[in-house]
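# Examining the three-dimensional arrangement
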Amino acid sequence: MKFLQLSVLPFLIVILSLNGATLAHPYGDFLHCLSLRISNSSTISKVIYTQNNPSYSSVLNASIHNNRFSTPTTPKPYAIITPRKTSHVQSTIYCSKNHGFQLRIRSGGHDVEGVSYVSQVPFVILDLVNFRDVNVDTKNEVAWVQSGATTGELYYGIASKTQTLGFPAGICHTIGIGGHLSGGGFGVLGRKYGLAIDHVIDAKLVDANGRVLRRKSMGEDLFWAIRGGGGNTFGVVLAWKVKLVPVPPVVTVFTVNKNLEQNATKIFHRWQYIAHKLPKDLFTTVWVMKVNSSQVGKKTVQAGFRGMFLGGVDELLPLIQHEFPELGLAKENCTQMSWVQSILYFGGLPIQTVDILLNRHALPVSSLKAKTDFVREPMSETGIEGFMNMFLEEEADFAITMIEAFGGRMDEIRENELPYPHRAGILFESSYFVQWTNEADAGLCINWIRRLYSYMASYASKSPREAYYNYKDLDLGTNNIIGYTSYEQASVWGLKYFKNNFKRLVQIKTKVDPMNFFRNEQSIPPL
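Below, the structure is looked at part by part. Small disclaimer: the values here were computed from a predicted structure and weren't measured. (Residues numbered from 1 in each chain as written. Predicted model: local features only at pLDDT ≥ 70, side-chain atom pairs only at ≥ 80, totals over all residues. Heavy atoms only, no water.)

## What about the sheet that holds strand β14 (residues 299-309)?
Taken in spatial order, the 7 strands make up an open sheet running β15-β12-β14-β13-β17-β18-β16, and their pairing is antiparallel. Looking at strand neighbours, the two that pair on one side only are β15 (334-337) and β16 (367-375), the edges of this open sheet. For this sheet, the mean inter-axis angle between neighbouring strands, taken without regard to orientation, is 20°. Direction of pairing for strand β12 (residues 251-259) relative to β14: antiparallel, over a ladder of 8 bridges. Looking across to β14, one finds that F254 is bridged to G307. The strands that helix α11 (residues 264-274) touches are β12, β13 (282-292), β14, β17 (399-405) and β18 (428-436); relative to β14, the one it contacts most, it runs at about 35°. (Pairing = 2+ DSSP bridges. Helix = DSSP H or I, 4+ residues; strand = E, 2+ residues; numbered from the N terminus. Axes fitted to C-alpha atoms, helices over the stretch in contact; angles between N-to-C directions. Contact = heavy atoms within 4.5 Å.)

Shown next, in the form of structure tokens:
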């Protein structure tokens, strides 16, 4: 075959002129490879963005929700590929493999450690922003959702067709479905129905060899692994088939705020013993943060007790008053609404405008660091007091901990049913976040959350200290980005996320991607 066939030459000229690149650049061979495989000039200009393209920065930043990884010194991809069809994904995998580029896959940008769009070695991003179709089938109570869609777009698609079906995923509507389902997906329906991944019944995946696989052709081992075993590990999941769940036309939400002066410590101490035993129809969470005190110029710590009940307020009130009278829940604390409006309520959005679920930029963007714990034994009052007092420190001005009750359906699913193992016996999950707007404060804020995490070591689960993969934390350990990563090295972080399921994940990875093409700092390594 000649170096350039005449039929390909016009398209190559287009890509080079549109992107300001030449074959003399390190990525020239990669671009040449892609141009040979994507044979339409108008398509190429909308699929491949290199660093000299005027749209490069806007495409790169469009779905970055953590400014910590959007600085001038953050490593940038040589190119961003925004595929419009499956063959573009296959071509990107082929050319990345053949020309030595690491491939990072992103579906939404809510990656708290940025590993889906940052690498320390030459890399390209495969951005699934154009794979965002949502097809809801209310008759069969299922939906196909592409990985680049957000949870909000899925919720909107369901709610636009029915008020009596929902999906048990997270409350933040701007999360990409691809990443969310790759790691678990816990939300306000979790005690009733379990995780988002518990309701995935099929998927469409492109593997390291470019094969397009569905559940039947990929086999049950690989299908098990992609439902919670982490993204950028086993292949590119383009779409997921999910089973929808019944919800009542009306649910009831509530918020009761208690600060330190209003016995927040004692009420939270009591909540720990009750929340996981409540009926499955009732989900409760506690949000801890610093707020202004009633005394001018002073600060206090607030515990916001929030809940969602799959039913009406007249049924909820006697239930809470009987099981948890210490909360002092009153009718004025409660609001009845549809299930989809409850997503907006917990996301801090106006509940009247459901269309906001389609707005990927409705939430402010800042810099943040996150960590997680799972708690199996109640904390002492003294322990809770010490925890809450840490929020009075200066570095915690923009910190929050979200504490979500488990139990219910989560207690009924076996630990090895799917890669996500944090099931029976967990009282609650704690997700710690600290934010900052001035980069000069980054070190202080990150140090604060590490101290908070250290403080919680006495109260969190042990051997291993469990963590939630969807809030990745590179403090737990990392793979070697260049070269081999041993099972022992990866198990330092892997056992925290996956417990005994980690070994099976490694075995599956060894079978389906032995050369470790799909990889990042915390992807499953092959043996």
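## Some thoughts on the pattern of salt bridges
Per the stated rule, a full pass over the model turns up 32 salt bridges. Salt-bridge contacts for K266 lead to E381; the nearest nitrogen and oxygen are separated by 3.2 Å. Of the two residues, K266 is situated in helix α11 and E381 in helix α14 (residues 381-389); the sequence distance between them amounts to 115 residues. Of the residues examined, E381 reaches a relative accessible area of 31% and is grouped as partly exposed. The partner of R414 in a salt bridge is E417, and the shortest N-O contact between them spans 3.1 Å. Taken together, the shared-partner salt bridges connect R68, E113, K369, K371, R450, D473 and D475 into one network. (Salt bridge = Lys/Arg side-chain N within 4 Å of Asp/Glu carboxyl O. Buried < 20%, exposed > 50% of the residue type's maximum accessible area, 1.4 Å probe, protein only.)

## As for the side chain of K509
Relative to the elements of secondary structure, K509 occurs in helix α17 (residues 501-512). Once residues lying within four places of it in the same chain are set aside, the contact partners of K509 are T233, F234, P514, N516, F518, I524, P525 and P526.

## A short note on α14
By the burial criterion, the buried members of α14 are G383, I384, F387 and M388. Axial view of α14: buried residues confined to an arc of 130°, hence all on one face. Where α14 is buried, its residues contact α11, β13, β14, β17, β18 and α15 (442-455). (Arc of directions from axis to C-beta.)

## Thoughts on the nonpolar core
The biggest cluster of nonpolar side chains holds 129 residues, and the ones touching the most others in it are F167, I226, W240 and W271. Looking at which element gives the most residues to this core, the answer is α15, with 7 residues. Leaving out residues up to four positions away in the same chain, W240 has contacts with A143, W144, V145, S147, I177, G178, L181, S182, V200, D202, A203 and I226. By size, the runner-up hydrophobic cluster in this structure holds 27 residues, among which are V47, A79, F101 and F517. (Core = buried A, V, L, I, M, F, W, Y, C linked by side-chain atoms within 4.5 Å.)

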